[in-house]
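The residues making up each chain are set out below.
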2 protein chains.
Amino acid sequence: MTTNTMDKTVKQATNPWEGFNEGRWQHEVNTLDFIKRNYTEYKGDDSFLAEAAPSTEKLWDKLQELFEVQHKKNGVYDMDTNIPATITSHEPGYLIKDEEKIVGLQTDVPLKQAFMPYGGINMANKALESNGYEVDDEMSFIFNKWRKTHNQGVFDAYTDEMRLARKNKIITGLPDAYGRGRIIGDYRRVALYGIDFLMAQKKKDWKNVGSKVMTNDVIQLREEVSEQYRALADMKEMAASYGYDISQPASNAQEAIQWLYFGYLAAIKSQNGAAMSIGRISAFLDIYIQRDLERGVITEDEAQELIDHLIMKLRMVKFARTPEYNQLFSGYPIWATLSLAGMNMDGSSLVTKNDFRILHTLTNMGPSPEPNLTVLYSSKLPEGFRTYAAKVAKESSSIQLENDDLLRQHWGSDDTAIACCVSATVIGKDMQFFGARANLAKAVLYAINGGVDEMTKMQVGPRFRPIEGDSIDFDQFMDSYKDVLDWLAELYVNTLNVIHYMHDKYAYEAPQLALMDTDLKRTFATGIAGISHAADSLMAIKHGNVKVVRDENGLAIDYVPQNEFPTYGNDNDEADEMANWILEYFMTQIKRQHTYRDSTPTLSLLTITSNVVYGKNTGNTPDGRRAGKPLAPGANPSYQDGKFLGEKNGLLASLNSTAKLNYSCAQDGISDTQTINPGALGRTDDEEMQIDNLRQVLDGYFDKGGYHLNVNVFGRELLEEMDKDIDNPKYANFTIRVSGYAVKFRDLTPEQRRDVISRTDHTRM
Amino acid sequence: MTTNTMDKTVKQATNPWEGFNEGRWQHEVNTLDFIKRNYTEYKGDDSFLAEAAPSTEKLWDKLQELFEVQHKKNGVYDMDTNIPATITSHEPGYLIKDEEKIVGLQTDVPLKQAFMPYGGINMANKALESNGYEVDDEMSFIFNKWRKTHNQGVFDAYTDEMRLARKNKIITGLPDAYGRGRIIGDYRRVALYGIDFLMAQKKKDWKNVGSKVMTNDVIQLREEVSEQYRALADMKEMAASYGYDISQPASNAQEAIQWLYFGYLAAIKSQNGAAMSIGRISAFLDIYIQRDLERGVITEDEAQELIDHLIMKLRMVKFARTPEYNQLFSGYPIWATLSLAGMNMDGSSLVTKNDFRILHTLTNMGPSPEPNLTVLYSSKLPEGFRTYAAKVAKESSSIQLENDDLLRQHWGSDDTAIACCVSATVIGKDMQFFGARANLAKAVLYAINGGVDEMTKMQVGPRFRPIEGDSIDFDQFMDSYKDVLDWLAELYVNTLNVIHYMHDKYAYEAPQLALMDTDLKRTFATGIAGISHAADSLMAIKHGNVKVVRDENGLAIDYVPQNEFPTYGNDNDEADEMANWILEYFMTQIKRQHTYRDSTPTLSLLTITSNVVYGKNTGNTPDGRRAGKPLAPGANPSYQDGKFLGEKNGLLASLNSTAKLNYSCAQDGISDTQTINPGALGRTDDEEMQIDNLRQVLDGYFDKGGYHLNVNVFGRELLEEMDKDIDNPKYANFTIRVSGYAVKFRDLTPEQRRDVISRTDHTRM
């Protein structure tokens, strides 16, 4: 740390804050205070929106061409092989320099994927090799001999039991071979304060981290703040290479968007976290646009142009990934999740014109999976916005909605945003240790087979007493299931403890954390996969008189329910409460454990597209699900065809079931993905009525306590038609919502396309 | 960790253990058990010793030539600039290949210093630049941008207060800009077990590190054991490049020495710790030599040849160092400390012929500062050996002696060795966090001036109330002194906590620790500089009616005692107890602190040659010592000329005082360096009587509880003669003992030569 730049205070020769309402935000880093004192709520409709500017069209056409090349090259336009990515590792790059109002690329060439070895040199090399690039021997040498990486650290510390559980997929998708992501910097701070002020604040914090006693925790944090400080300096250097001095606050809308984007760019230049979300930027940027509009220095057309250009940049983010990663999270998602709308605790809404402008990019540039547009929904949001959101959801199948009433209540802030899919975080105040998920459907089978894996026949769990005989006694089973969940929770949390220790050690996210408070709340995000199959299996064992089929060694390998039994997803209280029991019991066991950095445990019901991989590795389950078939994603009720399986009572009953899940025990989010056949929304020639119906469905669902909804509006027939002719350019941008994100349909694996097609498309409410 | 090599057990086709007495050592790593069951105590005299072999003379002549070149190039024969040193980074190197019975160099060329950036890239670069080598830009880039180093980590976490205390030299010599060293692998294990067995043991340990709960401590240790495992594999690879397969146990004396040296070589190839001691290898190797002698496969001449060749290798160890480092630790010491002799708890001695052979290298190849030959002394050692040790001490002034009775009593083992100078460690069982020293003479001045530094005039300590007026009230002063010591102990320990956290993180000593038990005792070694001046100052304030001289701002800058007062070093109980009070009080404060990895705090009275630098930065002290003059080294009584200063009653009184110091509070060692004028030992024409007298002095000193003695036998006149004609080749190898190590006189700075000359050379007992 050099002292020179540190002691500078913000020079405001031209006063970039002129015209803003004063407040505490001027004296401390407090973006929310700035927003609340300065934003203009908008209660109107979408009629003010402007079309795409000529520059936007030129840039978008160019980008479409590059995307087409990328698609033909299996998702890889180009890759670096020997420049370890840092904030400042690349020269500036452009799409069409003279047309870009907002500049900045991850590397020096659009869509070129950077080389990021810190998460794991083997992963970085595998990403190269699997895409036909040659591994650079010098890089391999350096990052094996001189500079250790995250992945190697993790495997140095994993126990044999952890490796076994991982290999047998009872715990899957762990961020030990990819970046944990989900850490959102408050990128707005760059625009509001400029880098110099933020550096001065970090230096102040650094002076005050820890009392006199240097415990490891204090030493670690002091070093991290130093790293953050250097990352801020690097951001300035990087911005300067694009011709911008971001040491001082932004003074107009274009600068505000550009400064904010440089903050985000620093993150995506140096970290390939699974989810690289951008946070909640809408009302904040609207303040700058509104000021410029009022000053008469820009028009609405120009405002939309700036937003379109920013969003286009977010559509371009790419990371080098391995085939295993792509199998888990299909379609190249990077979760540039951007959270919109939401309410204030005082009952007003945070909706601005910018929330419209951002959604409008799906019209101006067509549907797109990224950024992952997320509406923080409440039935109390202005009707104009709710109507517009429903309209965009119906037209694009590209957005998701989360319950802002629950967010405010549980997170105690008006400034939450979604990291990744459904995972809430208070911007600048919280960080998250992301931890994938445990397969609780498979855990049912471990309970029956005494810890032996039904697929590999290996003894994975402790040698618990198996359940013997032809039928399963419910009470005996529940004792066994609890034993398995107790074991699994402990093993799972400790596996994550290893991962996050090593991630901090070898792949610390300095640029994101530089734009957050030094004194953070840390959450420890665990997850459950297969909740619906687990719940339905318990219901089957309780009420279905399940007959057990065994292999030659006596291992239970199939289950035949003799009687009907209620299932989760049909608004049946007993079945829905069974799902809640599993959730609450597992969360209780998670909470008992020691967590890294004394972080606060949370839990999600979310699988992303990994439900396919999970299912492939899970045998027949007592609910009737067949071995190898995908699990239902997230918190979705089961949808696989089967005698007794899944949701049977239509969309509203399904939503009612999901809404009953206890968010208190699943504060990392509850994901629900639904496809509505257009016909179910009313006469297809009355668009206004359809939008109105959809809005009412949303109002009802969220008022009942539903947490999240991915909305797809199309029929299964359309998907089947596309599936047969998948490379037809006319389907290039067709986007659908899967569990927690959106994806271009053609980017899914054939297997995942089949899974999506096999899901229920509700033809009735 | 690959599993393949891990599960191998030791193959003993030819049975390398044939002829050894059986024991527990065959079933577990237990070198001491092997030694006790197999060594042959030797009670005779030195008459069996053999002269240097022709090969030894050829090699030594060659090495002398290289040393001369090195001396003319200011201590640097050659330096690597762009090969970061690892165990396997260099091709094999030789002095004269066909003559070497024991092979292996740090780099590929004799005396060439390796490039070791992990401790700090800035230090490594400074070592290059200050010696006229060009810094390699690529290395600087890699180790600044991609691979952080220890030194940068430390400064990222240091508080402002730590920097200030360091800058003002109240705490000095901290291993934050050099490797901490002092960690001794049990290199004997390589010879006794071979690498494969050691790897299998480490894999077993790795499986059992930690229960299920992954705290940071457990994760850290699991990763470290993985690193150790890889270091063992690297040792095999390195040995193989020299044509040796060390996967299996050594089968004869030559192999035993060679295997052991390869273990040590792995350490010095990859780590430039301040002290790279080799441990206690004498009896162990004697077992192999004795077996070969009895089998008739070698002669005593050949045995001596092997030992001479090993010792010659230890004389060649060199590290690239900065001018600041050389100023602190003058004469290029590396502390290849080799501990000899010692007793068993059952009353027998561990003396073997090998202890004679090793001391005899000082005759066969002349005196030498390295290896730092250290006799673990007891009056109960066989007389033949005590006589020979006294003889060698007198003739070479190259050895030191430590009290083996105290070692056994306090460390509970027959297998302690000295790391560095006076710091005991149980081989393979203990490791040490070395932590330099606090200047308690300067602390006296801080107590008087209310935390203001007398040299820089900066407020360094807390703004304590200063002592005002012309005289100093003893009770008031003592309250203030305790306040300063309380503050200093806390700050000092926490500074060390930062250093060792970062050293483990960025410069972990995997090869040494691979040859130690996984479940270690860790000591936390603090130190005091200036004990004699502090004690004498307290005596002056108490009894000397000290008048205070102040500068224009009222700061106390000089002290004039009006009366005589007793001083430490003259067998005066009150003065000696004052030294003990300081020691005990400061150690008590050290013990109150949190220490890194819950290590056990220890303390040394040792300054090495840093007494000169400490003194340069310390103002006038109330005992009459003049500002800027060197402090007395280690636990030595003061010797500076001055009215009331230091030892006045001869050698025995001085030794009696030192022997009173409480080793319980200074288990990191108490260093005493004495120069005896040959005349004081009796008639100079009766060598036998002189040796006998010296032996009796040693017996008496150690029986009284003295801990350590550096013995020099020469007169001041000789030093003064050499100082005037320092580059005369006839003085090239003239070696003297300074505080804790030996040094070639000509390698000292002129300032340090003056300090040595000014010390008392006792002309009477």
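In this text the structure is predicted, and so the values were computed from the model without any measurement. (Residues numbered from 1 in each chain as written. Chains lettered and ligands numbered in written order. Predicted model: local features only at pLDDT ≥ 70, side-chain atom pairs only at ≥ 80, totals over all residues. Heavy atoms only, no water.)

### A word on the overall build of chain A
Let me state the cut-off plainly: A run of DSSP states H or I qualifies as a helix once it reaches four residues; a run of E qualifies as a strand once it reaches two. Both are numbered from the N-terminal end. Only C-alpha atoms enter the radius of gyration; for comparison, a globular chain is expected to reach 2.2 Å times N to the power 0.38, where N is the number of residues. Only protein chains enter the accessibility calculation, which uses a 1.4 Å probe; a residue whose area is less than 20% of its type maximum is buried, one above 50% is exposed, and one in between is partly exposed.
Counting its secondary structure elements, chain A contains 26 helices and 20 strands. Relative to the compact-globule value of 27 Å for 765 residues, chain A shows a C-alpha radius of gyration of 25 Å, a close match. Dimensions along the principal axes, computed over C-alpha positions, put chain A at roughly 80 × 65 × 50 Å. Split into buried and exposed, the 765 residues of chain A put 69% on the buried side.

### Looking at the state of the cysteines
Put simply, the rule is: By convention in this document, the label disulfide applies to cysteine sulfur atom pairs within 2.5 Å.
Under the criterion given, the structure shown has zero disulfides over all chains. Residue Cys420(B) stays outside any disulfide, its sulfur separated by 3.4 Å from that of Cys421(B), the closest cysteine.

### Topic: the sheet that holds strand S16 (residues 673-676) of chain A
Residues and elements named next belong to chain A. Cut-off, in case you're wondering: Any two strands are treated as partners once DSSP identifies two or more bridges connecting them. Note on contacts: a residue pair is in contact if any heavy atoms of the two residues lie within 4.5 Å. For helices, the fitted axis covers only the stretch in contact; all axes are lines through C-alpha atoms, and the angles between them, taken along N-to-C directions, range from 0 to 180 degrees.
Spatially, S4-S5-S6-S17-S16-S20 is the arrangement adopted by the six strands of the open sheet, whose pairing is mixed. Both edges of this open sheet fall to strand S4 (338-341) and strand S20 (761-762), since each of them pairs with a single strand only. As paired strands, S16 and S20 are joined by two bridges and run parallel to one another. When the sheet's bridge partners are listed, Ile 676 is paired in S20 with His 762. Running over the sheet, helix H23 (residues 650-659) touches S16, strand S17 (708-713) and S20 and is turned about 170° from S16.

### Considering the interface of chain B and chain A
Convention followed: A quick way to say it: buried area is the sum, across both parts, of accessible area lost when two parts are put together, with a 1.4 Å probe. Think of a salt bridge as a Lys or Arg side-chain nitrogen and an Asp or Glu carboxyl oxygen that are within 4 Å of each other. Think of a polar contact as two N or O atoms within 3.5 Å of one another; within protein, one of them needs to be a possible hydrogen donor and the other a possible acceptor, and neighboring residues in sequence only count if both atoms come from side chains. When residue character is reported, Ala, Val, Leu, Ile, Met, Phe, Trp, Tyr, Cys and Pro are called nonpolar, Asp, Glu, Lys and Arg charged, and the others, Gly included, polar.
The interface is formed by 48 residues belonging to chain B together with 48 residues belonging to chain A. Of the roughly 4,100 Å² buried between chain B and chain A on both sides combined, carbon and sulfur atoms contribute 49%. Here Lys207(A) and Asp160(B) are joined by a salt bridge, their closest N and O atoms 2.2 Å apart. Viewed at the interface, chain A and chain B are joined by 26 residue pairs in polar contact (both at pLDDT 80 or more). Across the side of chain B that touches chain A, the residue classes tally to 20 nonpolar, 11 polar and 17 charged.

### Remarks on the pairing of strand S6 (residues 400-403) of chain A
Residue and element names in this part refer to chain A. Rules: Crossover handedness is defined by viewing with both strands directed away from the observer: a clockwise path from the first strand over the helix to the second marks the crossover as right-handed.
Alternating residues of S6 divide into Gln 400 and Glu 402 and Leu 401 and Asn 403, and every residue in both groups is buried. Here four bridges tie strand S5 (residues 373-377) to S6, and the two strands are oriented parallel to one another. For Val 375, the partnering residue across the bridge sits in S6 and is Leu 401. Once you follow S5 into helix H15 (residues 383-396) and on to S6, the crossover reads as right-handed. One ladder, built from three bridges, connects S6 with S17; its direction is antiparallel. Its bridge partner lying in S17, Leu 401 is registered against Leu 709.

### Examining the packing of aromatic side chains
Counted only if it meets this: Pairing of aromatic rings covers Phe, Tyr and Trp, the last counted by its six-membered ring, and requires centre-to-centre distances within 6.5 Å; plane angles under 30 degrees mean stacked, over 60 mean edge-to-face, and any other angle means tilted.
Going through the model one piece at a time under the given rule, you end up with 78 aromatic pairs over all chains. Their ring planes at 35° and their centres at 5.3 Å tell us that Tyr377(A) and Phe702(A) sit as a pair that is tilted. Of the two residues, Tyr377(A) is situated in strand S5 and Phe702(A) in helix H24 (residues 687-703); the sequence distance between them amounts to 325 residues. Among the residues examined, Phe702(A) registers a relative accessible area of 2% and is labelled buried. On the basis of an interplanar angle of 20° and a centroid distance of 5.1 Å, the ring pair of Tyr193(B) and Phe197(B) is categorised as stacked.

### A word on the UniProt feature "active site" (unreviewed entry) in chain A
Residue and element names in this part refer to chain A. To keep things clear, this is the line we draw: UniProt positions are given in the numbering used here, feature names are shortened, and annotations may be inferred rather than shown by experiment.
The residues that UniProt annotates with the feature "active site" (unreviewed entry) are Cys 420 and Cys 421. When neighbours within four sequence positions are excluded, Cys 420 is seen to be in contact with Arg 182, Ala 275, Ser 277, Trp 335, Thr 337, Asn 372, Gln 400, Ile 608 and Gly 740. Structurally, Cys 421 is set in the loop between strand S7 (416-419) and strand S8 (423-426). Residue classification places Cys 421 among the buried positions, given a relative accessible area of 0%. When sequence neighbours within four positions are dropped, the list of residues in contact with Cys 421 reads Trp 335, Asn 372, Gln 400, Glu 402, Leu 606, Ile 608, His 708, Ser 739 and Gly 740.

### Regarding the relation of the copies chain B and chain A
What counts is decided by this rule: Copy-to-copy alignment: least squares on C-alpha atoms, limited to residues at pLDDT 70 or above in both.
Mapping chain B onto chain A leaves a residual RMSD of 0.0 Å; the transformation is a rotation of 180° accompanied by 0.0 Å of translation along its axis. One copy is carried onto the other by what is essentially a two-fold rotation axis. Nearest to the rotation axis, the C-alpha of Arg147(B) is located 2.7 Å from it, this being the minimum over chain B. Same-surface contact between copies: 98% of interface residues of chain B are shared with the interface of chain A.

### Quick look at empty space enclosed by the protein
All names here are of chain B. So the rule is basically this: For cavity detection a 1 Å grid was placed over the protein atoms alone, and a set of points counts as a cavity when a 1.4 Å probe fits there but cannot get out; an open set counts as a pocket when protein lies on both sides within 12 Å along at least five of seven lines, with lining residues being those that have an atom within 4 Å of a point. Grid points are joined across faces, edges and corners, and a volume is the space filled by probe spheres set on the points.
Within this structure, the stated rule accounts for 15 cavities of 30 Å³ or more. If you add up the space inside the largest cavity, you get close to 290 Å³. Phe 67, Gln 70, Tyr 332, Lys 744 and Asp 747 are, among the 22 residues lining the largest cavity, the residues nearest its centre. Looking at the lining of the largest cavity, the elements with two or more residues in it are helix H3 (54-72) and strand S19 (741-744). With four residues, H3 is the largest single contributor of residues to the lining of the largest cavity. A class-by-class count of the residues in the lining of the largest cavity yields 11 nonpolar, five polar and six charged.

### Re the environment of Asn15(B)
All names here are of chain B. Counting through the fold element by element, Asn 15 comes out in the loop between helix H1 (3-6) and helix H2 (31-38). When its relative accessible area of 30% is taken as the criterion, Asn 15 is described as partly exposed. Between the alpha carbons of Asn 15 and Gln 248 there is a distance of 9.8 Å; along the sequence they are 233 residues apart.

### Description of a nonpolar patch on the surface
Operational definition: Like charges within 9 Å and nonpolar side chains (Val, Leu, Ile, Met, Phe, Trp, Tyr) within 5 Å are joined into patches, using only residues over 30% in relative accessible area that form no salt bridge. Surface accessibility follows the Shrake-Rupley procedure with a 1.4 Å probe radius. Residue values consider only the protein chains on display as shielding.
A contiguous nonpolar patch, built from Val549(A), Ile557(A) and Val560(A) and spanning about 190 Å² of accessible area, is present on the exposed surface. As for its position among the elements, Val560(A) is in strand S13 (residues 556-561).

### Re unusual backbone geometry
In this model, Glu370(A) is joined to Pro371(A) through a cis peptide bond whose omega is -10°. Mapped onto the secondary structure, Pro371(A) falls in the loop between helix H14 (353-364) and S5. You will see that Leu111(A), though not glycine, has its phi angle at about 65°, which is positive. Secondary-structure assignment places Leu111(A) in the loop between strand S1 (78-84) and strand S2 (112-115). For Leu111(A), a relative accessible area of 3% corresponds to the buried category. Of note, the phi angle at Lys457(B) is positive, near 65°, even though the residue is not glycine. Its place among the elements puts Lys457(B) in the loop between helix H17 (440-449) and helix H18 (474-506).

### Some points on the UniProt feature "modified residue: Glycine radical" (unreviewed entry) in chain A
Residue and element names in this part refer to chain A. What UniProt calls "modified residue: Glycine radical" (unreviewed entry) maps, in this numbering, to Gly 740. Among the structural elements, Gly 740 can be located in the loop between strand S18 (735-738) and strand S19 (741-744). Beyond its immediate sequence surroundings of up to four residues, Gly 740 is in contact with Trp 335, Asn 372, Gln 400, Cys 420, Cys 421, Leu 606, Ser 671, Thr 673 and Asn 710.

### Considerations on the confidence of the model for chain A
Low-pLDDT stretches of the model should not have their predicted coordinates read in fine detail. Spelled out, the test is: A score between 0 and 100, pLDDT records how confident the predictor is in each residue.
Per-residue confidence for chain A gives a mean pLDDT of 94; residues scoring 70 or more make up 98%. We note a pTM of 0.95 for the whole complex and an ipTM of 0.94 for its interfaces.

### Quick look at the sheet that holds strand S6 (residues 400-403) of chain B
Residues and elements named next belong to chain B. Pairing within the open sheet is mixed, and its six strands lie in the order S4-S5-S6-S17-S16-S20. Each end of this open sheet is capped by a strand with a single partner; those strands are strand S4 (338-341) and strand S20 (761-762). In the packing of helix H24 (residues 687-703) onto the sheet, the strands contacted are strand S5 (373-377), S6, strand S16 (673-676) and strand S17 (708-713), and the crossing angle to S17 comes to about 160°.

### Focus on the side chain of Thr337(B)
Locating Thr337(B) in the fold gives a position in the loop between helix H13 (323-328) and S4. Leaving out residues up to four positions away in the same chain, Thr337(B) has contacts with Ser277(B), Ile278(B), Gly279(B), Asn372(B), Thr374(B), Gln400(B), Ile418(B) and Cys420(B).

### Here we look at the side chain of Asn497(A)
Residue and element names in this part refer to chain A. As for its position among the elements, Asn 497 is in helix H18 (residues 474-506). You can call Asn 497 buried: its relative accessible area is 0%. Here the side chain of Asn 497 touches Tyr 596 through a polar contact of 2.7 Å, landing on its backbone nitrogen.

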